[in-house]
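Below, each chain spelled out in residue letters.
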Amino acid sequence: MENLDVLIPRPQSIVAAPGVVKVESLGSVSTPQGCERFGGELIRNAGVLGLDLTQEGVPVKMILSSEIKVESFEITITPDEVTIAGGDPAGLFYGKGAFEQLLCIAVIKGTRGSEIPCGKVSDSPRFGYRGFMLDSARHIQSVDTVKKVLALMAKLRLNVFHWHLCDSQGFRSESKLFPELNTLAGMTPGYYTAAEIKEICDFAAEHFITVIPEIEMPGHSKGLLALHPELACDPENPGKEFCLAKKEVREFLEKLITEFVGLFPASKIIHLGGDEANTEHWDKCPACQKLMKDKGLSDIRQLENDFMNDMAAFVRSLGVTPVTWFTGSIMEESTIIQVWRSIWELKETLSHGNRMIFSVHDQLYLDYPCTAAEPFENWMPVLCESGVYNTEPFAAWEEEIGDLLLGPETCLWTETVPDHRVMAKLMPRLVAFSETAWCPIAQKDWFSYTKRKDVLTAGGWFEMEAL
Ligand SMILES: [Zn+2]
């Protein structure tokens, strides 16, 4: 290995120093209190690479330091010692992962005589929110696939898993109150039991990933309304939108949301959907029209917005922050909005003070084909790896937006993506996205990225199971 500029995501600072450390001489791993498992993980992963870090050797010290920011780390390599320092356990976890990348590249031709150059790597994320959304409503994925996705996210230092669990085709979180919802078959039958959800959430937490589960309303609810036509404007022709006026709808949704929130005790943010509702049923519904007039509203979209604000207020009453997809209507300020239709909406929403997640479809939707050769989504625009890498529309407004922009999130919708194709859709674009989410603009460089990715790919790092 010639230098330390081999990591993904690319570090903010690399300072070279004279000398090398022989990787076969490393050992004597130590960890701070409360982070003992990182030692076991490092020893196990080094073992996969053919190294024995259980031996007495040049010490690898992991420490926590109050002088380093959260999620940030410093790796100092000298011939006599390696120190991995984290600002918090998440930072130490990422530092350990970065050091494992260095080991993986160092032993690319075998362990004998392999060395890592001395120096110091310091790194810190650009955004505190680095998200990936998986649609488990259209095609459901096995628990193993979801864990594989989470493990890859952790390797790439992505820290928010937005889990799209409910849509017209499926209701994938177990409901004991309304078990009929779990009979929806969508493109594939199935749902996640409460125990499986806990298993996935625990796995995410171990990898410093926050889970934001999503339940959809008032649209995208065709399957649910076929089972509960009394909640639609016209029970004879229920369609896919809840009636905005019936009090039974609110009672039903409040029970359902309460149960849903209870399945995710660690999630302090819940996504309420809110996108792509059609007004056709509301326009013809006497109850919706009457409520609109009673409230003094002139547009049915305002009634929809009222409904969503009420649901968001209910979520807040449970101690959870709501997120909604941005549809052009302004949500109450404490609701986080996810901008997906156009980069201009980022600017448009700025004056309203809502915090934002950036997911504009033509730059961050991974169901779009990666190359024109992908034959199965040929009506969609192509979104190639460099397109994801070079997504920087927020750069021009970053100062103006400030803390209101939580960060970017890339999304995989699965209408045409069965379980076995999920990882193929993510690679390599999720890797490119990791630098968009983690690296300051000055650190990003497409040619450097492809070189680093090629070396890590050749080294087998992406396939390494253990973490
Ligand atoms: Zn109605």
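Residues numbered from 1 in each chain as written. Predicted model: local features only at pLDDT ≥ 70, side-chain atom pairs only at ≥ 80, totals over all residues. Heavy atoms only, no water.

### A word on the overall build of the chain
Right, on to step 1. Counting secondary structure elements, the chain contains 16 helices and 16 strands.
Right, on to step 2. Computed over C-alpha atoms, the radius of gyration of the chain comes to 24 Å, within 12% of the 23 Å expected from 2.2 N^0.38 for 467 residues, which places it in the range of a compact globule.
Right, on to step 3. Buried residues in the chain amount to 57% of all 467 residues.
Right, on to step 4. For the chain, restricting intrachain contacts to residue pairs at least 6 apart in sequence, the fraction spanning at least 24 positions comes to 70%.
Right, on to step 5. A total of about 18,400 Å² of accessible surface is found on the chain, and carbon and sulfur atoms cover 55% of it. (Helix = DSSP H or I, 4+ residues; strand = E, 2+ residues; numbered from the N terminus. Rg over C-alpha atoms; globule rule 2.2 N^0.38 Å. Buried < 20%, exposed > 50% of the residue type's maximum accessible area, 1.4 Å probe, protein only. Contact = heavy atoms within 4.5 Å. Areas by Shrake-Rupley, 256 points an atom, 1.4 Å probe, with all protein chains shown as cover.)

### Re the coordination of the zinc ion
Right, on to step 1. Bound to the zinc ion on the protein side are C233 (SG), C243 (SG), C285 (SG) and C288 (SG), at distances that span 2.3 to 2.4 Å.
Right, on to step 2. The site at the zinc ion holds four donor atoms, and with the angles between them running 103 to 120 degrees, its shape is tetrahedral.
Right, on to step 3. Read in sequence order, the donor residues for the zinc ion give the motif C-x9-C-x41-C-x2-C. Taken together, the residues C233 in the loop between α5 (222–227) and α6 (247–262) and C288 in helix α8 (residues 286–294) connect sequence positions 55 residues apart.
Right, on to step 4. Given a relative accessible area of 14%, C233 falls into the buried group.
Right, on to step 5. Judged by its relative accessible area of 0%, C288 falls in the buried class. (Donors = N, O, S within 2.8 Å, 3.2 Å for Na, K, Ca; no water. Tetrahedral: all angles 85-135°; square planar, octahedral: opposite > 155°, others 65-115°.)

### Observations concerning the domain arrangement of the chain
Right, on to step 1. You can read the domains of the chain as domain 1 (13–124) and domain 2 (131–438).
Right, on to step 2. Listed as interface residues are 12 residues of domain 1 and, on the opposing side, nine residues of domain 2.
Right, on to step 3. Together, the buried faces of domain 1 and domain 2 total about 870 Å²; carbon and sulfur atoms form 56% of this surface.
Right, on to step 4. It is R37, F93 and Y94 in domain 1 that bury the most area against domain 2; as a group they hold 53% of the surface buried on that side.
Right, on to step 5. For the pair domain 1 and domain 2, the interface holds one salt bridge.
Right, on to step 6. At the boundary of domain 1 with domain 2, the tally comes to four residue pairs in polar contact (both at pLDDT 80 or more).
Right, on to step 7. Sorting the residues of the side of domain 1 that touches domain 2 by element identifies α1 (36–48) and α2 (89–106) as the ones contributing at least two each.
Right, on to step 8. Among the elements that take part in the side of domain 1 that touches domain 2, α2 stands out by supplying six residues, more than any other. (Domains from an automatic or database assignment. Buried area = accessible area lost by both parts, 1.4 Å probe. Salt bridge = Lys/Arg side-chain N within 4 Å of Asp/Glu carboxyl O. Polar contact = N/O pair within 3.5 Å; in protein donor to acceptor, adjacent residues only side chain to side chain.)

### Points about the environment of R157
Right, on to step 1. Mapping R157 onto the fold places it in the loop between α3 (143–155) and β8 (160–164).
Right, on to step 2. Separated by 60 residues in sequence, R157 and G97 place their C-alpha atoms 8.9 Å apart.
Right, on to step 3. Those residues within four positions of R157 in sequence are excluded, and the remaining contacts are I8, P9, F73, Y94, A98, D123, R130 and W438.

### Thoughts on the pairing of strand β6 (residues 115–123)
Right, on to step 1. Taken across its nine residues, β6 has seven buried, putting it largely inside the fold.
Right, on to step 2. By the bridge criterion, seven bridges tie strand β1 (residues 13–22) to β6 in an arrangement that is antiparallel. The residue of β6 that forms the bridge with A16 is G119.
Right, on to step 3. In this sheet, β6 lies alongside strand β4 (residues 73–78) in antiparallel orientation, the contact comprising five bridges. (Pairing = 2+ DSSP bridges.)

### Quick word on the packing of aromatic side chains
Each aromatic ring pair is characterised by the separation of its centres together with the angle its planes make.
Right, on to step 1. Tallied over the full model, the rule gives 18 aromatic pairs.
Right, on to step 2. Centroid distance F178 to F252: 4.4 Å. Interplanar angle 45 degrees. Geometry classified as tilted. On the criterion of sequence distance, the pair formed by F178 in the loop between β10 (170–171) and α4 (194–206) and F252 in helix α6 is long-range, its members being 74 residues apart.
Right, on to step 3. The exposure class of F178 is buried, given its relative accessible area of 12%.
Right, on to step 4. The exposure class of F252 is buried, given its relative accessible area of 7%. (Phe/Tyr/Trp six-rings, centres within 6.5 Å; stacked < 30°, edge-to-face > 60°.)

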